Amino acid sequence: MALDAGSVSGGAVGRGARGFRLASHARVTLGAGALVPAPVAANVARPGEVADALRELSRALRIGTAPVCLLLPDGIARLAVVDVPADVTAQQYARFRIVPALPYPAEEAVIDVMPLGPGRAVVAAVRRRVIEEYEAAAEQAGITRERLDLTPLAALSGLLREPGPGAGLAVDVVLGDAAFCLAAHQDGALRLLRNRRRDPGPDEPRRLAEEVERTSILAGDGTGPRVRVVGSGAGALIASWRAAGAAAEPGWQSESAGAGVEPSELAWLGGAPD
């Protein structure tokens, strides 16, 4: 189950020979302002409404008492790629390098880690009280939580598992309702990770294209990377870029997504198990 500013959504996901297999999927719209992803301020502005949406989603998916993975939205975490010294863990290094610069007390920071290989990791710092808001909404909805994850990390995990054909730099765009991530990687190695707030509007495709170009240059290759997009509004963004003559593709396909479901719109599909 994934929460974001505009909706709660989720499904039962598996893997097949040709990609992700979406056995079931549902989405429940949230009213404007019910949930506002942010790193410091309160996120769940109307807890009853969010809990009701989660309860409706649970019924639609026929989850019953089965435990779920609860995915929290982009826009609540400080994300960074770090080179971890051999004598410390990624969590310890993050507390040394990242936590002191956070706009809240260090003891309130919860650190999540996505290993990238020996000595490298993506680390995420989230304020504890922000996490507790989402946990409380799930508990109010009667949902049994098996684990907690961040949607952008789940998406990146899936995208890096499937780097795609060909050599050269790739830039993946992971869209949330309130924020987005840009990840530049080559040959399975993540070079750069950037996280920004979204500013929706008719000019957004141009601004996002400029962010992709900037990410490519910062990663050391401004010659035109392979670009993949997943998340909220992925289809419209890809169509806009293609109409302007730029190349872009969905981050993943599904062999059985179901009628009316576009897999690239579901960033949380990256959390599907191997």
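Basis of the calculations
Residues numbered from 1 in each chain as written. Predicted model: local features only at pLDDT ≥ 70, side-chain atom pairs only at ≥ 80, totals over all residues. Heavy atoms only, no water. Helix = DSSP H or I, 4+ residues; strand = E, 2+ residues; numbered from the N terminus. Rg over C-alpha atoms; globule rule 2.2 N^0.38 Å. Contact = heavy atoms within 4.5 Å. Areas by Shrake-Rupley, 256 points an atom, 1.4 Å probe, with all protein chains shown as cover. Lys, Arg positive; Asp, Glu negative; His and termini not counted. Charge placed at Lys NZ, Arg CZ, Asp CG, Glu CD. Pairing = 2+ DSSP bridges. Axes fitted to C-alpha atoms, helices over the stretch in contact; angles between N-to-C directions. Phe/Tyr/Trp six-rings, centres within 6.5 Å; stacked < 30°, edge-to-face > 60°. Buried < 20%, exposed > 50% of the residue type's maximum accessible area, 1.4 Å probe, protein only. Salt bridge = Lys/Arg side-chain N within 4 Å of Asp/Glu carboxyl O. Expected span 1.5 Å × (residues − 1). Arc of directions from axis to C-beta.

J.: Pulling in residues and values, what's your account of the overall build of the protein chain?
T.: Per the secondary structure count, the protein chain includes six helices and 14 strands. Taken over the C-alpha trace, the protein chain has a radius of gyration of 18 Å; the compact-globule value for 274 residues is 19 Å, and the two agree within 12%. If one aligns the C-alpha atoms of the protein chain with their principal axes, the spans along those axes are about 50 × 50 × 40 Å. The contacts in the protein chain between residues at least 6 apart in sequence include a share of 61% that link residues at least 24 apart. Summed over its atoms, the accessible surface of the protein chain is roughly 12,500 Å², and 52% of this surface lies on carbon and sulfur atoms. In the protein chain, which carries 29 positive and 32 negative side-chain charges, the distance between the mean positions of the two groups comes to 0 Å.

J.: Explain the sheet that holds strand 12 (residues 226–231) to me, using residue names and the numbers behind them.
T.: Strand order in the open sheet formed by five strands is 11-10-9-12-13, and the pairing between neighbours is mixed. Two strands in the sheet have a free side with no partner beyond their single neighbour: strand 11 (189–197) and strand 13 (249–250). For strand 9 (residues 170–175) and strand 10 (residues 179–186), the ladder comprises six bridges, and the chain directions are antiparallel. Paired with Val171 across the bridge in strand 10 is Ala184. Contacts from helix 4 (residues 151–161) reach strand 9, strand 10, strand 11 and strand 12 within the one sheet, and its direction differs from that of strand 9 by about 150°.

J.: Summarise the packing of aromatic side chains; cite the residues concerned and give the values.
T.: Scanning the model with the defined rule gives one aromatic pair in all. With centroids separated by 6.3 Å and ring planes inclined at 40°, the aromatic side chains of Tyr93 and Phe96 adopt a geometry described as tilted. In this pair, Tyr93 and Phe96 both sit in helix 2 (residues 90–97), three residues apart, roughly one turn of the helix.

J.: Any chance you could break down unusual backbone geometry for me, citing the residues and the numbers?
T.: Positive phi, close to 55°, is recorded for Arg62, a residue that is not glycine. Positionally, Arg62 belongs in the loop between helix 1 (47–61) and strand 4 (68–72). With relative accessibility at 77%, the residue Arg62 sits in the exposed group.

J.: Quick one: what's the story with the pattern of salt bridges, residue by residue and with numbers?
T.: For the structure on display, the rule yields 15 salt bridges. The shortest N-O distance in the salt bridge between Asp149 and Arg147 comes to 3.6 Å. For Arg147, a relative accessible area of 38% puts it in the partly exposed group. Taken together, the shared-partner salt bridges in this structure form one network comprising Asp203, Arg206, Arg207 and Glu210.

J.: So what's going on with helix 5 (residues 204–218)? Residues and values would help.
T.: Between its first and last C-alpha, helix 5 extends 21 Å over 15 residues, near the 21 Å set by a 1.5 Å rise per residue. Listing the buried residues of helix 5 in full gives Glu204, Leu208, Glu211, Val212, Thr215 and Ser216. One face of helix 5 carries all of its buried residues, which in axial projection span an arc of 135°. Those residues of helix 5 that are buried lie in contact with strand 9, strand 10, strand 11, strand 12 and helix 6 (234–243). Backbone geometry just after helix 5 places Gly220 at a positive phi near 100°.

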